Amino acid sequence: MARERVQLALTHAFPDEVYLPIAEYYTNLSGVLEDPALSCKDETALERVRALGRRFVSGTAAVRAELFGYSPLTSREREIALLAKERLSTREIAERLVISPATVKNTLNKIYSKLNIHGKSDLLNIRF
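The following paragraphs examine the structure supplied in this document. A quick note: this is a predicted structure, and the numbers were derived from the prediction, not measured.

Rules and cut-offs
- Residues numbered from 1 in each chain as written.
- Predicted model: local features only at pLDDT ≥ 70, side-chain atom pairs only at ≥ 80, totals over all residues.
- Heavy atoms only, no water.
- Helix = DSSP H or I, 4+ residues; strand = E, 2+ residues; numbered from the N terminus.
- Buried < 20%, exposed > 50% of the residue type's maximum accessible area, 1.4 Å probe, protein only.
- Contact = heavy atoms within 4.5 Å.
- Areas by Shrake-Rupley, 256 points an atom, 1.4 Å probe, with all protein chains shown as cover.
- Lys, Arg positive; Asp, Glu negative; His and termini not counted.
- Charge placed at Lys NZ, Arg CZ, Asp CG, Glu CD.
- Axes fitted to C-alpha atoms, helices over the stretch in contact; angles between N-to-C directions.
- Parallel < 35°, antiparallel > 145°, perpendicular 65-115°, else oblique.
- Left-handed = near helix turned anticlockwise from the far one by under 90°.
- Nonpolar A, V, L, I, M, F, W, Y, C, P; charged D, E, K, R; others polar.
- Core = buried A, V, L, I, M, F, W, Y, C linked by side-chain atoms within 4.5 Å.
- Expected span 1.5 Å × (residues − 1).
- Arc of directions from axis to C-beta.
- Salt bridge = Lys/Arg side-chain N within 4 Å of Asp/Glu carboxyl O.

**Quick notes on the overall build of the protein**
Looking only at helices and strands, one finds eight helices and zero strands in the protein. Taken from N to C terminus, the helices and strands of the protein fall in the order α-α-α-α-α-α-α-α. When the backbone C-alpha atoms are referred to their principal axes, the protein occupies close to 50 × 35 × 25 Å. A burial count over the protein gives 35% of its 128 residues as buried. Long-range contacts, defined as pairs at least 24 residues apart, comprise 60% of the intrachain contacts of the protein with a sequence gap of at least 6. Accessible area for the protein stands at about 7900 Å²; split by element, carbon and sulfur atoms hold 54% of it. Counting 19 positive and 16 negative side-chain charges, the protein places the centres of these two groups 5 Å from one another.

This is the structure we're talking about:
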């Protein structure tokens, strides 16, 4: 049902290039928007919406950091996030920090939640 609703919204948004309302809700819609099963007549427009949504999320995190003068991450979370941003695997991070891969995985999930992102690839585009 969610996929159908998003497809309907995209159908209305694409002709006039009204992407921002969808991008503002990217955090909630990313599961559907990033789903390869999402069919769309205008793949270029869909990719624009996805890119705008990712930028919106990363920009929001940067604004929060600027406004509040701090990172929402603990020093250990930040350390793990920086290693993940360097594209190290969970196992490689665990070995480097001498912790279990399960701890890395749990910490990454906390990081994603705090930064309002969905995966390692999203870390590449934000400041924390």
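**A closer look at the packing of helix α6 (residues 90-97) against helix α7 (residues 101-115)**
Close contact between α6 and α7 brings their axes to 8 Å; oriented N to C, the two are set at 110 degrees. When the axis of α6 is compared with that of α7, the two are roughly perpendicular. Every pair of crossing elements has a handedness; the one defined by α6 and α7 is right-handed. Two secondary-structure elements touch here, α6 through Thr90, Ile93 and Ala94 and α7 through Pro101, Val104, Lys105 and Leu108. Of the residues that constitute the contact of α6 with α7, the class distribution is five nonpolar, one polar and one charged.

**Looking at the nonpolar core**
Core analysis: the biggest nonpolar cluster contains 33 residues, and Leu10, Phe14, Leu33, Ile93, Ile111, Leu115 and Leu123 have the highest contact counts within it. Listed by contribution, the elements that provide at least two residues to this core are α1 (2-13), α3 (26-33), α4 (43-68), α5 (75-85), α6 and α7. Per-element tally for this core: the top contributor is α7, with five residues. Ignoring any residue separated from it by four or fewer positions in sequence, one finds Leu33 in contact with Val6, Leu10, Ile22, Tyr26, Leu38, Leu46, Val49 and Arg50.

**Things to note about α1**
Over its 12 residues, α1 runs 16 Å from end to end, which matches the ideal 16 Å to within 8%, given 1.5 Å per residue. Residues of α1 that are buried include every one of Val6, Leu10 and Ala13, and no others. Down the axis, α1 shows its buried residues gathered within 65 degrees of arc, on one side only. In this structure, α1 carries Arg5, Thr11 and His12 as exposed residues pointing more than 90 degrees from its buried face.

**Section: the pattern of salt bridges**
If the charged atoms of two oppositely charged side chains come close together, the side chains can form a pair. Applying the stated criterion to the full structure yields seven salt bridges. A salt bridge links Glu17 to Arg48; the shortest N-O distance between them is 4.0 Å. Separated by 31 residues along the polypeptide, Glu17 in the loop between α1 and α2 (20-24) and Arg48 in helix α4 bring together distant segments of the chain. A salt bridge links Arg76 to Glu79, with the nearest nitrogen and oxygen atoms 2.9 Å apart. In this pair, Arg76 and Glu79 both sit in helix α5, three residues apart, roughly one turn of the helix. Residues joined in a network through salt bridges with shared partners are Glu34, Glu47, Arg50 and Arg54.

Function-wise, these values are silent; they only describe arrangement.
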